[in-house]
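So you can see what is in the structure, the chains are spelled out below.
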Amino acid sequence: MQKFSTRFLLGLALALATTILVSSPELVYAATTYYVDQNNPVASDANSGTDVLPLKTIQAAVDKTTMPGTTIYVRQGLYNETVQIIGKNGADGAYISLESYPGERAIIDANFTRPYGIYTRQSTYIRISGFEIRNLKAAGTSYGTGIGTYENTDHVIIENNIIHTIFGGGGLPSQGIRLWGQNIIVRNNTVYEIVGSDESMGIQADQVQSTTLQNNLVYLVDKEAIRLICGDTDTVNVVEGNITLHSHVGISINTCRPTTQSTYVRNNFSGWNWGLGVQTKHARNTVVKNRGNLNNHIGLP
């Protein structure tokens, strides 16, 4: 039997360890954490963004983000800004996470001076969690929108947010959450008082693919608490476990026409809406089951 030297064996072990480090997906990305705390007297957008030297604005933290797996913690306080997430890309298992600091809730309050709270464009694997977003108003050509995902958005999670008091105006509607894109999950959000236009929507998913709207509470919306539009794309979209109250329409499945797949609307409750509880319109291959309707003007047409 051939004998190997100690030096050879050590070299072989080092090579194997290096190969594992490079190839293991858990170790590909170096996680970075930024802190935002406008109430901290030393906060500045010129800081590095540590917990000791936090940034002052949320946008500054987003602008610093370059790597998948980055987490931005926003400490409690009032932030009057529009947060734009543009051209930021996380990865599978390494989302870029924008969230309130654990146990706190940061508030984005526009004081009716701007139309947007948070929006994404040309971004992937983004998570937005734990904010209160309020007091927005449509302006110029922009809808009043709490959280929006727009062109070339893929794999986004919007969860555990409170979005309210958003006004339309000048012929423009208001929307609590507006979605374009694919592979989007919207869950465990509370959305209310979305008003000021006969096209105001609590959650509007427009031309989406592989999207799930789950366990959201939506109420006091001038038109539809939840609207799903998925066009002719042949993907599965799911609306489940939501509660919609005191709106014109509770849940509207509008212009969803998959060929071989289905749109699933299940285990939702709609109550005290002055129009329809659940509506399907220009739709096919839509499965509605285990719904609860109470004191709506009309239930399911």
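Residues numbered from 1 in each chain as written. Predicted model: local features only at pLDDT ≥ 70, side-chain atom pairs only at ≥ 80, totals over all residues. Heavy atoms only, no water.

*Asks:* Residue-level account of the state of the cysteines, with values.
*Replies:* Under the defined criterion, the tally for this structure stands at one disulfide. The disulfide partner of C230 is C256, and the gap between their sulfur atoms is 2.1 Å. Judged by the sign of its S-S torsion, about 135°, the cystine formed by C230 and C256 is right-handed. Remark: C256 occurs in the loop between β21 (249–254) and β22 (263–266) and C230 occurs in the loop between β18 (224–229) and β19 (237–240); sequence separation between them is 26 residues. Comparing C230 with C256, the two get one shared label, buried. (Disulfide = S-S within 2.5 Å. Helix = DSSP H or I, 4+ residues; strand = E, 2+ residues; numbered from the N terminus. Buried < 20%, exposed > 50% of the residue type's maximum accessible area, 1.4 Å probe, protein only.)

*Asks:* Give a detailed account of the environment of Y143, specifying residues and quantitative values.
*Replies:* Inspection of the secondary structure puts Y143 in the loop between β9 (132–137) and β10 (144–149). Sequence spacing of Y143 and L172 is 29 residues, and the spatial spacing of their C-alpha atoms is 5.7 Å. Filtering out sequence-adjacent residues up to four positions away, Y143 remains in contact with P115, Y116, A138, L172, P173, Q175 and R178. (Contact = heavy atoms within 4.5 Å.)

*Asks:* Please give an account of the packing of aromatic side chains that cites residues and values.
*Replies:* In total, this model carries ten aromatic pairs according to the counting rule given. For the ring pair F112 and F167, a centre distance of 5.5 Å and an interplane angle of 70° mean the geometry is edge-to-face. On the criterion of sequence distance, the pair formed by F112 in the loop between β6 (106–109) and β7 (116–121) and F167 in strand β12 (residues 162–167) is long-range, its members being 55 residues apart. Of the residues examined, F112 reaches a relative accessible area of 37% and is grouped as partly exposed. Taken together, the ring pairs in this structure connect Y116, Y119, Y150 and W180 into an aromatic cluster. Lying over the aromatic face of Y101, R75 brings its terminal NZ or CZ to 4.0 Å of the ring centre. Cation over ring: R121 sits above Y150, and NZ or CZ is 4.9 Å from the ring centre. (Phe/Tyr/Trp six-rings, centres within 6.5 Å; stacked < 30°, edge-to-face > 60°. Lys NZ or Arg CZ within 6 Å of the ring centre and 35° of its normal.)

*Asks:* Break down the environment of L228 for me, with residues and values.
*Replies:* Position of L228 relative to the elements: it lies in strand β18. Owing to a relative accessible area of 1%, L228 belongs among the buried residues under this scheme. Each C-alpha atom of the pair L228 and I253 lies 5.0 Å from the other, and the pair is 25 residues apart in sequence.

*Asks:* Which residues make up the pattern of salt bridges, and what are the values?
*Replies:* Should the charged atoms of two oppositely charged side chains come close, the side chains can pair. The full count for this structure, using the stated rule, is eleven salt bridges. Taking the shortest distance from any N to any O, the salt bridge between K223 and E199 comes out at 2.7 Å. Separated by 24 residues along the polypeptide, K223 in the loop between β17 (217–221) and β18 and E199 in the loop between β14 (190–195) and β15 (201–209) bring together distant segments of the chain. Residue classification places E199 among the partly exposed positions, given a relative accessible area of 33%. (Salt bridge = Lys/Arg side-chain N within 4 Å of Asp/Glu carboxyl O.)

*Asks:* Before we move on, can you summarise the nonpolar core with the specific residues and values?
*Replies:* Ranked by internal contacts, the top residues of the largest apolar core, which has 49 residues, are I58, V74, L98, I118, F131 and L179. Not counting residues up to four positions away in its chain, the partners in contact with L98 are I58, I72, V74, V83, I85, I118, R127, I128, S129 and F131. (Core = buried A, V, L, I, M, F, W, Y, C linked by side-chain atoms within 4.5 Å.)

*Asks:* Quick one: what's the story with the side chain of N47, residue by residue and with numbers?
*Replies:* Structurally, N47 can be placed in the loop between β1 (33–36) and α2 (58–64). Engagement of the side chain of N47 in a polar contact is seen with the backbone oxygen of V42, the distance being 2.8 Å. A polar contact is formed between the side chain of N47 and the backbone oxygen of P54, at a distance of 2.9 Å. Residues in contact with N47, not counting those within four places in the same chain, are V42, L53, P54, L55 and K64. (Polar contact = N/O pair within 3.5 Å; in protein donor to acceptor, adjacent residues only side chain to side chain.)

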